[in-house]
Amino acid sequence: MVSINEIPESFLHELMPFFERLESIYFSIDKKYTKVADQYGFKCSGCDDNCCMTHFYHHTYIEYFYIIMGFKLLSRDLRKDILIQAEVVRKKSDMCPLNIKDKCILYKQRPMICRMHGVPHELNKPGIPTHYGEGCKLFMEQHGNKDCFSFDRTPFYFEMARLENELKDKIDLKDKFKKTVAQMLTR
Ligand code: SF4
């Protein structure tokens, strides 16, 4: 795959209709997440088990190009600092390089898994039993004994997969995508 400097603005501009659909998926995720978190009374205000220190892989080109589009809008100095940090992170597996002073510098463009992490969830794939996942460490400490309010990730995964497949068809990509944010920025 080409480096981020080799991805032209014009190419990213062509993807705008895909980005708009991605934003719509993100909007639905945020709405559902907030509803479920509010039902528990759960608020994330940072903790020593920061999810930005979790070694998340992201699995779609669409989210990759969206992050790159946001990254290219940052100031030259900030981009330089983030790339240095991304190189360090990639080698040591540490804090996400987009986390600056405990805040995500590309909060609007943060990937799906960053948006969903925190509250317990379920996943319903055809033909296999429902998968249930726990909340983050802070959630489990504060609300682990409460009745479960369902945060079903399934429709969001399906919508994202449909969008990803359409994008790959359009730009003729065959490979599967799997990278951390640090890897997205450094290779
Ligand atoms: S993209 Fe943003 S929210 Fe996601 S891990 Fe990185 S800093 Fe945290």
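Everything below is about the structure shown above.
Below or above, wherever it landed, is the structure these notes cover.

Rules behind the numbers
Residues numbered from 1 in each chain as written. Predicted model: local features only at pLDDT ≥ 70, side-chain atom pairs only at ≥ 80, totals over all residues. Helix = DSSP H or I, 4+ residues; strand = E, 2+ residues; numbered from the N terminus. Rg over C-alpha atoms; globule rule 2.2 N^0.38 Å. Buried ≥ 20, exposed ≤ 12 C-beta atoms within 10 Å, placed from the backbone. Near = placed C-beta within 6 Å. Nonpolar A, V, L, I, M, F, W, Y, C, P; charged D, E, K, R; others polar. Core = buried A, V, L, I, M, F, W, Y, C linked by C-beta atoms within 7 Å. Contact = placed C-beta atoms within 7 Å. Axes fitted to C-alpha atoms, helices over the stretch in contact; angles between N-to-C directions. Parallel < 35°, antiparallel > 145°, perpendicular 65-115°, else oblique. Expected span 1.5 Å × (residues − 1). Arc of directions from axis to C-beta.

## Remarks on the overall build of the protein chain
- A tally of regular secondary structure across the protein chain gives eight helices and four strands.
- When its helices and strands are written in sequence order, the protein chain yields α-α-α-α-β-β-α-β-β-α-α-α.
- Against the 2.2 N^0.38 benchmark of 16 Å for 187 residues, the protein chain shows a C-alpha radius of gyration of 17 Å, consistent with a compact globule.
- Overall, the protein chain is about 50 × 40 × 25 Å in size when its C-alpha atoms are taken along their principal axes.
- Taken across its 187 residues, the protein chain has 26% of its residues classed as buried.

## With respect to the site of the ligand
- Around the ligand, a shell composed of Cys 52, Cys 96, Leu 98, Asn 99, Cys 104, Arg 110, Cys 114 and Val 181 is seen.
- Residue composition of the shell around the ligand, grouped by class: six nonpolar, one polar and one charged.

## Quick look at the nonpolar core
- In terms of nonpolar packing, the biggest core is built from 24 residues, with Ile 62, Ile 67, Val 181, Ala 182 and Leu 185 touching the most fellow members.
- Mapped by element, the contributors of at least two residues to this core are α2 (16-40), α3 (61-72), α4 (76-92), α7 (154-170) and α8 (181-186).
- Top element by residues in this core is α3. It accounts for seven residues.
- In this structure Ala 182 touches Ala 86, Val 89, Arg 90, Cys 96 and Pro 97, once residues within four positions along its chain are discounted.
- Val 36, Val 119, Phe 139 and Phe 151 belong to the second-largest nonpolar core, a separate cluster that totals five residues.

## Some remarks on the packing of α2 against α3
- Relative to each other, α2 and α3 sit at 100°, their axes nearing to 10 Å. Viewed along their axes, α2 and α3 adopt a mutual orientation that is roughly perpendicular. Touching Phe 18, Phe 19 and Leu 22 of α2 are Ile 62, Tyr 66 and Met 69, all from α3.
- Of the residues in the contact of α2 with α3, the class split is six nonpolar, no polar and no charged.

## Some details on unusual backbone geometry
- A positive phi is found at Lys 101, a non-glycine position, where the angle reads about 50°.
- Within the fold, Lys 101 resides in the loop between β1 (99-100) and β2 (103-104).
- Positive phi values are uncommon outside glycine, yet Asp 102 reaches one of about 65°.
- Considering the arrangement of structural elements, one finds Asp 102 in the loop between β1 and β2.

## Quick notes on α7
- Over its 17 residues, α7 runs 25 Å from end to end, which matches the ideal 24 Å to within 8%, given 1.5 Å per residue.
- When α7 is considered as a whole, its buried residues turn out to be Phe 156, Met 160, Glu 164 and Leu 167. Taken around the axis of α7, the buried residues stretch over an arc of 65°, which confines them to a single face. Among the exposed residues of α7, those pointing more than 90 degrees away from its buried face are Phe 158, Ala 161, Arg 162, Asn 165 and Asp 169.
- Residues of α7 that are buried in the fold lie against α2, α3 and α5 (112-116).

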